[in-house]
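# Breakdown of the fold
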Amino acid sequence: MAKTVRYFLGANSPQGPVSRFDQLGEAGARRCWVVTGGSARGRAWVLSQAGEALGEEEPREEILSLQNGRELAGVLFPRRGLSAAGEEGAWEPWLRCPGALERVVSLWDCLDQERLFDQKKDLLQLTEEEKNLRGDARGYLYAAGALMGELASVGNSAMDREKLLGYARRLALREFPRPKGEEKRGRESVRFLSALTGEGPVLLRKTVTLAAPRTIAIEDSWGAVSNALLEALRELALEAGVDVVSCRCPLFPFTKLEYLLLPGLKLGFFAKNPGNAKQLEGLAERTIHASRFSRMDLLRERRGRSSFLRKAAAGMLDQAAEVLGRAEQVRQEKDALCHAAMDQAALEEIARRTAAEIKKAALE
């Protein structure tokens, strides 16, 4: 059985939901089946059937839903250049050329829309309630991001960047030197290994062990050194022609790295902090400490403030998780109404047809 790794391609961030479903493939290089409409449960069912289309021996990536961290939101077959996605709203920013590049699979015809019309009062009320709750959660996430940003600025003010970059170059030469005569730059994939979902924080530890059996931790209670070192190693790996999987932080989805995976070398690096230390315990073969690149006298001067920032940020994240949990309960109630209005026989036929199309495309 081929290994299946799991990621997120979205984040609940201070800016609102962030989608990176553009990462499912490059224009002209891959083909994607985009499942739209219907219920979330219905879309997840179609995707589960699509994921099994090529059998257990085919390597694949499964993309988990940001809503609850359990349902499928996408599946990718890297060797075949094929994928399928169905996270609600996630496809809209990157849908390039329906028909030519993306095969749109609509579940709208499976819905009894008259039945939904009769339930419009309940559906509209639930939609508004979910929207308000997600807005409240975004406020807590914004506060957490501001607090963590200030904490990182404390660490940044004490960081010896030249020393850090020198260490990164030596580590890169040891772990992934560029082969002689090789000028090709590595390729980068962007993913998330952690997410704050409607069922609480989720960290996909098993993916790290599958993609990078050998891992090195960067222990950093401020978040500045670990990000700077991961970014430096990322660039050095790409320059050396190594393909990387850059796993971003959900609070800072475009500016902060949490994990750097190099599957071709079975090697990984990750930021270890008080928030994830327990979940990542025993994962790393060795640890790099941020203190070796920091002026500890400056950090000691800000110890009290730093402690407050960590505790306050953790409190805001707990509040966000609680509100997102309530929003997920509302979403599930709304989705249950939609799913009950679906023609199950028609849904199964679409799932069967989609799986058959993917299997046929893989043989072409």
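Look above for the structure.
Residues numbered from 1 in each chain as written. Predicted model: local features only at pLDDT ≥ 70, side-chain atom pairs only at ≥ 80, totals over all residues. Heavy atoms only, no water.

### So, the overall build of the protein chain
Scanning the protein chain for helices and strands turns up nine helices and 16 strands. Taking 21 Å as the expected radius of gyration for a compact globule of 364 residues, we find that the protein chain reaches 22 Å, a close match to that expectation. On the principal axes, the C-alpha backbone points of the protein chain span a range of 70 × 50 × 35 Å. The burial tally for the protein chain puts 52% of its 364 residues in the buried class. Sequence-distant contacts in the protein chain: of pairs separated by 6 or more residues, those separated by 24 or more amount to 79%. Put simply, the protein chain has 55 plus and 51 minus side-chain charges, and the middle of one group is 7 Å from the middle of the other. (Helix = DSSP H or I, 4+ residues; strand = E, 2+ residues; numbered from the N terminus. Rg over C-alpha atoms; globule rule 2.2 N^0.38 Å. Buried < 20%, exposed > 50% of the residue type's maximum accessible area, 1.4 Å probe, protein only. Contact = heavy atoms within 4.5 Å. Lys, Arg positive; Asp, Glu negative; His and termini not counted. Charge placed at Lys NZ, Arg CZ, Asp CG, Glu CD.)

### Observations concerning the nonpolar core
By size, the foremost hydrophobic cluster in this structure holds 31 residues, and its most contacted members are Y7, F21, L24, L193, C247, Y259 and L261. Elements supplying a minimum of two residues to this core: β1 (4–8), β4 (31–36), β5 (60–64), β6 (72–77), α5 (205–211), β13 (244–249) and β14 (252–262). Looking at which element gives the most residues to this core, the answer is β1, with three residues. Dropping the residues within four chain positions of it, L193 is found in contact with R6, Y7, F8, V202, L203, L204, T207, V208, C247, Y259 and L261. Membership of the second largest hydrophobic core comes to 29 residues, among which are M159, A172, I216 and A290. (Core = buried A, V, L, I, M, F, W, Y, C linked by side-chain atoms within 4.5 Å.)

### Considerations on helix α9 (residues 344–363)
Taking 1.5 Å as the rise per residue, α9 with 20 residues should run 28 Å; its terminal C-alpha atoms sit 29 Å apart, in good agreement. Those residues of α9 lying buried are L347, I350, A351, T354, A355, I358, A361 and A362. Summarising the axial view, the buried residues of α9 lie within an arc of 130°, below the 170-degree limit, and thus occupy one face. Facing away from the buried surface of α9 by more than 90 degrees, the exposed residues are A345, K360 and L363. Packing partners of the buried residues in α9 comprise β4, α1 (40–51), β6, β7 (82–85), β8 (102–106) and α8 (303–340). With a side-chain oxygen positioned 3.1 Å from the backbone nitrogen of A345, the residue opening α9 is D343. (Expected span 1.5 Å × (residues − 1). Arc of directions from axis to C-beta. Polar contact = N/O pair within 3.5 Å; in protein donor to acceptor, adjacent residues only side chain to side chain.)

### Some points on the sheet that holds β13
Taken in spatial order, the six strands line up as β9-β13-β14-β15-β12-β16 in an open sheet, and their pairing is mixed. Strand pairing shows two members of the sheet lacking a second neighbour, β9 (188–191) and β16 (286–289), which therefore form its edges. Shown here is a sheet whose adjacent strand axes are inclined to one another by a mean of 30°, direction ignored. Pairing analysis gives five bridges linking β13 to β14, with the strands arranged antiparallel. (Pairing = 2+ DSSP bridges. Axes fitted to C-alpha atoms, helices over the stretch in contact; angles between N-to-C directions.)

### Remarks on the packing of α1 against α9
Between α1 and α9, the shortest axis-to-axis distance is 8 Å and the interhelical angle comes to 35°. Like other packed secondary-structure pairs, α1 and α9 cross with a definite hand, here right-handed. Contact residues: α1 offers G42, W45, V46, Q49 and A50, while α9 offers L347, E348, A351, T354, A355 and I358. Of the residues in the contact of α1 with α9, the class split is seven nonpolar, three polar and one charged. (Left-handed = near helix turned anticlockwise from the far one by under 90°. Nonpolar A, V, L, I, M, F, W, Y, C, P; charged D, E, K, R; others polar.)

### Regarding the environment of R115
Its place among the elements puts R115 in helix α2 (residues 113–118). Assessed through its relative accessible area of 37%, R115 is described here as partly exposed. For the pair R115 and G200, spaced 85 residues apart in the sequence, the C-alpha separation amounts to 33 Å. In this structure R115 touches A340 and A341, once residues within four positions along its chain are discounted.

### A word on unusual backbone geometry
Despite not being glycine, K266 has its phi angle at roughly 55°, a positive value. Note on placement: K266 falls in the loop between β14 and β15 (267–272). For K266, a relative accessible area of 48% gives the class partly exposed.

### Examining the side chain of S194
Along the chain, S194 falls in strand β10 (residues 194–197). In this structure S194 comes out as buried when scored by relative accessible area, which is 11%. A distance of 2.7 Å separates the side chain of S194 from the side chain of E258, its partner in a polar contact. Once residues within four sequence positions are removed from consideration, S194 is found in contact with F8, V202, L203, P250 and E258.

### Brief notes about the pairing of β10
Burial along β10 is two-sided: the face carrying S194 and L196 and the face carrying A195 and T197 are both buried. Relative to strand β11 (residues 200–203), β10 runs antiparallel, the two sharing four bridges. Considered in β11, the bridge of A195 is made with V202.

### Here's the deal with the packing of helix α3 (residues 120–157) against α8
Closest axis-to-axis distance for the α3/α8 pair is 8 Å, and the angle between their directions is 160°. As the angle between them shows, α3 and α8 are arranged roughly antiparallel. Handedness of the crossing formed by α3 with α8: left-handed. Considering only residue class, the contact of α3 with α8 consists of 24 nonpolar, three polar and 13 charged. (Parallel < 35°, antiparallel > 145°, perpendicular 65-115°, else oblique.)

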